[in-house]
Amino acid sequence: MQGEGAGAAPCAADPARSRGRLHAEAESAHRSPWQRDRDRIIHSSAFRRLKHKTQVFVEHEGDYYRTRLTHSIEVAQIARTVARTLRLNEDLAEAVALAHDLGHPPFGHTGEDALADCMAAHGGFDHNAQALKIVTRLERHYAGFDGLNLTWETLEGIAKHNGPLLPAREGAALPAAIADYVRLHDLELRSHAGAEAQTAALSDDVAYVNHDLHDGLRAGLFDDEEAASLPVVGAAYLEVDRLWPGLDRARRRHEALRRVFGRMVDDVVAESGRRLADAAPASYDALRALPGPVIGFSDPIAAAVAEIKRFLFERMYRHYRVRRMRVKATRVVGELFAILAGDIGLMPDEWAAEAAAAPDEAARARVVADYIAGMTDRFALEEHRVLTDPAARA
């Protein structure tokens, strides 16, 4: 296994040097600490729910489009490839990649924005913080602890895979879930995470840029000629046309987009390898102490990715069909929150009891937000129908 033993990079996370878990457990005879973390994430309720949570299209709009689950699997596949090539720890990179979107509420970023508005007076809502809360508190299956009791390195990666976690401005507060947890288990928020978590973050960019192009084309929000006007994408279409002139549209598109995907992964590997060689971090902690990330795109590909993201924002995320669903999803989440916060007894018994035991209004609102955040798209739509349609059966 790359990333372990004599073949590992000096900065790779070493399972023998893991900082361990908040609650001490005997080690597995057959799995490394991060293999156990990966397996606990995959077997969690929150991971299964990603199957029915929005990436861009709400799941009832078509069974072809990506969901949060398929997106997470694609991110993990890229992360393993990059980590293996750079001689990092594949298992840690995979665990962080699989967990990175566990905190998304129904309807993706639309649901997150709606919940953030609902919780504006009570500390807001952030899906990264919610992911940490899920794996440290809300998964309640084990006899000895709440959460999944993941290792320090995996938790650090979940909290900080996008960089050091500091308040956006002086005097601002950290998300409540993160602030609560680090009082128990310091995740050293002011440093970068390890290279494996950084790999998961870049893999997220590679995955969603490529699959959103694919899903947008599939949905007819833009066409191949428009996509081919983009940097990297256009060169890929030209190469396919040179090798297979007259190829049918579906095969041409697939061949082009897989070349875009490969070009981005190759660039991450080459640029990150160069940065690692230049910085020469002698250990996992030495890499974490560096002033900037070591996993990244080269400047030309970073510029190309930024241009593709701008195109997707204008042509896909702001398309009237997507915006129509966004309006409906915002209303569903907002009305659910208002109804349930106004009468906590409308939630299932265990959630109602937790809300009733909350010490103040903010804590009660947080329980309601946790309940809604755990919903799938279809469950949120059904709960909203039951609570708002007089003809619906309770």
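It should be emphasised that the depicted structure is a prediction, and the values quoted were computed from it without experimental measurement.

Engineer: Help me understand the side chain of arginine 38 in this model?
Structural biologist: By the element assignment, arginine 38 lies in helix α1 (residues 33-42). Apart from the residues lying within four places of it in its own chain, the contact partners of arginine 38 are Arg80, Asp91, Glu94, Ala95 and Leu98.

Engineer: What am I meant to see in the pattern of salt bridges here?
Structural biologist: For side chains of opposite charge, pairing can occur when their charged atoms come near one another. Per the counting criterion, the structure on display carries 36 salt bridges. Measuring nitrogen to oxygen at the nearest pair gives 3.7 Å for the salt bridge that ties aspartate 14 to arginine 17. Given a relative accessible area of 68%, arginine 17 falls into the exposed group. The residue arginine 259 makes a salt bridge to glutamate 239 at a minimum N-O spacing of 3.6 Å. Placement of the pair is arginine 259 in helix α12 (residues 249-279) and glutamate 239 in helix α11 (residues 233-243), with a sequence separation of 20 residues.

Engineer: What exactly am I supposed to notice about the environment of glutamate 196 here?
Structural biologist: Summarising the element assignment, glutamate 196 is placed in helix α9 (residues 195-219). With sequence-adjacent residues up to four places away left out, glutamate 196 is seen in contact with Ala12, Ala13, Leu88, Asn89, Leu92, Ala93 and Tyr284. Here alanine 13 takes part through its backbone nitrogen, which lies 2.9 Å from a polar atom of the side chain of glutamate 196. Among the polar contacts listed, one links the side chain of glutamate 196 to the backbone nitrogen of asparagine 89, at a separation of 3.0 Å.

Engineer: Can you walk me through the environment of lysine 309 in this structure?
Structural biologist: Mapped onto the elements of the fold, lysine 309 is located in helix α14 (residues 299-317). What makes lysine 309 partly exposed here is its relative accessible area of 26%. Spatially, the C-alpha atoms of lysine 309 and aspartate 212 are 9.5 Å apart, while their sequence positions differ by 97 residues. When residues no more than four places from it in sequence are discounted, the contact partners of lysine 309 are Asp205, Tyr208 and Val209. For lysine 309, the side chain forms a polar contact with the side chain of aspartate 205, separated by 3.3 Å.

About the criteria used
Residues numbered from 1 in each chain as written. Predicted model: local features only at pLDDT ≥ 70, side-chain atom pairs only at ≥ 80, totals over all residues. Heavy atoms only, no water. Helix = DSSP H or I, 4+ residues; strand = E, 2+ residues; numbered from the N terminus. Contact = heavy atoms within 4.5 Å. Salt bridge = Lys/Arg side-chain N within 4 Å of Asp/Glu carboxyl O. Buried < 20%, exposed > 50% of the residue type's maximum accessible area, 1.4 Å probe, protein only. Polar contact = N/O pair within 3.5 Å; in protein donor to acceptor, adjacent residues only side chain to side chain.

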